[in-house]
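# Examination of the molecular architecture
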Amino acid sequence: MAEPPPVQYQPQVPVLLCFAQFSRADSVPSGSGYELLIQKFLSLYWDLIDVRRKFVVQLYSREWSDYTDLPEGFVVHEKCRLRLVPLQVQMTSLGNLIPSSTVFFCCDMQERFRPAIKYFGDIISVGQRLLQGAHILGIPIIVTEQYPKGLGSTVQEIDLTTAKLVLHKTKFSMVLPEVEATLSEIPGVRSVVLFGVETHVCIQQTALDLIGRGFEVHIVADATSSRSMMDRMFALERLARTGITVTTSEAILLQLVADKEHPKFKEIQNIIKASAPESGLLSKI
């Protein structure tokens, strides 16, 4: 019997990552670009970085003996020194939501997750409420499915007929070129309401990618879960510390209408007339 082909390992490149007065040596896969570098900075300096600010990544230039802005299309292929520099203008994030500047992200609510994800039935129910509200308020919906060939399609209870984009993926984060292209077609988008599975994997990585691009992110705690309640709750805690708004489905829907006199208030009220399930949020870990 023929031997299996050898596993291909992506070589690691040493990098020095500098932020403020700190410098930490680490490594990244060869070919890493801006997105992965931002994630590396966030993972190393998560307790120091104010995610409400915008940043620029700079590369140390031996020619100039100083840092220069990262060239467009830059990828790491050799040992280098990088720094993350906050811009002077601070982005004020108060967590306000208005329909005209909001997009809903529904992440990987797929059939094969049903027996594995804690409180998945509740998550489906709350997710469908959110999509109904988005439809009523004319809010764009972007949906992803993680490797549907192996994990199945989105569950039948979730109505995708009004989704602006339904995208298959293998990457954990929803922030893919097709998603970014769709966002660029929607004028004035500032806020993303994010829900789905798993909280500590796809939801967390999507949220960090989004705030790295300057979006305000609202994670719907009663519409996201994991196989482990420990992973779920620690992820929500970590994300809240980074400046992401962790909230509930009812709070989201009522914040979007904002006024009893809103022309769609009655329709939204009908959605939330019965309280949403707790999705295990009030149970012990």
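What counts and how
Residues numbered from 1 in each chain as written. Predicted model: local features only at pLDDT ≥ 70, side-chain atom pairs only at ≥ 80, totals over all residues. Heavy atoms only, no water. Axes fitted to C-alpha atoms, helices over the stretch in contact; angles between N-to-C directions. Helix = DSSP H or I, 4+ residues; strand = E, 2+ residues; numbered from the N terminus. Parallel < 35°, antiparallel > 145°, perpendicular 65-115°, else oblique. Contact = heavy atoms within 4.5 Å. Nonpolar A, V, L, I, M, F, W, Y, C, P; charged D, E, K, R; others polar. Pairing = 2+ DSSP bridges. Buried < 20%, exposed > 50% of the residue type's maximum accessible area, 1.4 Å probe, protein only. Right-handed = clockwise from strand over helix to strand, strands pointing away. Salt bridge = Lys/Arg side-chain N within 4 Å of Asp/Glu carboxyl O. Domains from an automatic or database assignment. Buried area = accessible area lost by both parts, 1.4 Å probe. Polar contact = N/O pair within 3.5 Å; in protein donor to acceptor, adjacent residues only side chain to side chain.

### So, the packing of helix H2 (residues 120–137) against helix H7 (residues 249–257)
Interaxial distance between H2 and H7 falls to 10 Å at its minimum, and their mutual angle equals 10°. As judged from the angle between their axes, H2 and H7 are roughly parallel. Here H2 contributes Val126, Arg129, Leu130, Gly133 and Leu137 to the contact with H7, which in turn contributes Ser249, Ile252, Leu253, Leu256 and Val257. In terms of residue class, the contact of H2 with H7 is made up of seven nonpolar, two polar and one charged.

### A short note on the sheet that holds strand E10 (residues 216–225)
Here we have six strands laid out as an open sheet, ordered E8-E7-E6-E9-E10-E11, and parallel in their pairing. Of all strands in the sheet, those bounded by a partner on one side alone are strand E8 (165–169) and strand E11 (245–247). The sheet shows a mean angle of 20° between the axes of neighbouring strands, direction not considered. Strand direction decides the pairing type here: E10 and E11, joined by three bridges, are parallel. Looking at E11, one finds that Ile219 is bridged to Val246. Each of strand E6 (102–107), strand E7 (141–146) and E8 is contacted by helix H4 (residues 177–184), which is oriented at about 160° to E8, the strand it contacts most. Contacting E10 and E11, helix H6 (residues 229–241) crosses the sheet at an angle of about 165° to E10.

### Looking at the pairing of E10
Of all 10 residues in E10, 10 are buried; the element is thus mostly enclosed. One ladder, built from six bridges, connects strand E9 (residues 191–197) with E10; its direction is parallel. When the bridges of E10 are listed, Val192 appears paired with Val217. A crossover links E9 with its parallel partner E10, the connecting element being helix H5 (residues 199–212), and its sense is right-handed. Between E10 and its parallel partner E11, the chain crosses via H6, and the hand of that crossover is right-handed.

### Section: the pattern of salt bridges
All chains considered together, the criterion is met by 11 salt bridges. With a closest N to O distance of 3.1 Å, Arg190 and Glu216 form a salt bridge. With a gap of 26 residues between them, Arg190 in the loop between H4 and E9 and Glu216 in strand E10 connect regions that are remote in the sequence. With a relative accessible area of 33%, Arg190 lands in the partly exposed category. With a relative accessible area of 11%, Glu216 lands in the buried category. Its salt-bridge partner being Arg241, residue Glu237 comes within 3.2 Å of it at the nearest N-O pair. Of this pair, Glu237 and Arg241 both sit in helix H6, four residues apart, roughly one helical turn. Salt bridges here are not isolated pairs; linked through shared partners, they connect Glu35, Lys171, Glu180 and Arg213.

### Focus on the domain arrangement of the protein
Here the domain parsing of the protein yields domain 1 (34–70) and domain 2 (99–272). Each of domain 1 and domain 2 was reduced to a C-alpha centroid, and the two centroids are 28 Å apart. Of the residues lining the interface, seven residues belong to domain 1; the matching set on domain 2 comes to 10 residues. Taking both partners together, domain 1 and domain 2 bury about 820 Å²; carbon and sulfur atoms supply 52% of that area. Put simply, domain 1 and domain 2 have two salt bridges between them. With a closest N to O distance of 2.3 Å, Lys171 and Glu35 form a salt bridge. Here domain 1 and domain 2 share three residue pairs in polar contact (both at pLDDT 80 or more) between them. Considering only residue class, the side of domain 1 that touches domain 2 consists of five nonpolar, one polar and one charged.

### Observations regarding the pairing of E6
Of all six residues in E6, six are buried, a share of seventy percent or more. A two-sided burial pattern is seen for E6, the buried positions comprising Thr102, Phe104 and Cys106 on one face and Val103, Phe105 and Cys107 on the other. Bridge count for E6 against E9 is six bridges, and the pairing is parallel. Its bridge partner being in E9, Val103 is matched across the sheet by Val192. Bridge analysis of E6 against E7 gives four bridges, and the strand direction is parallel.

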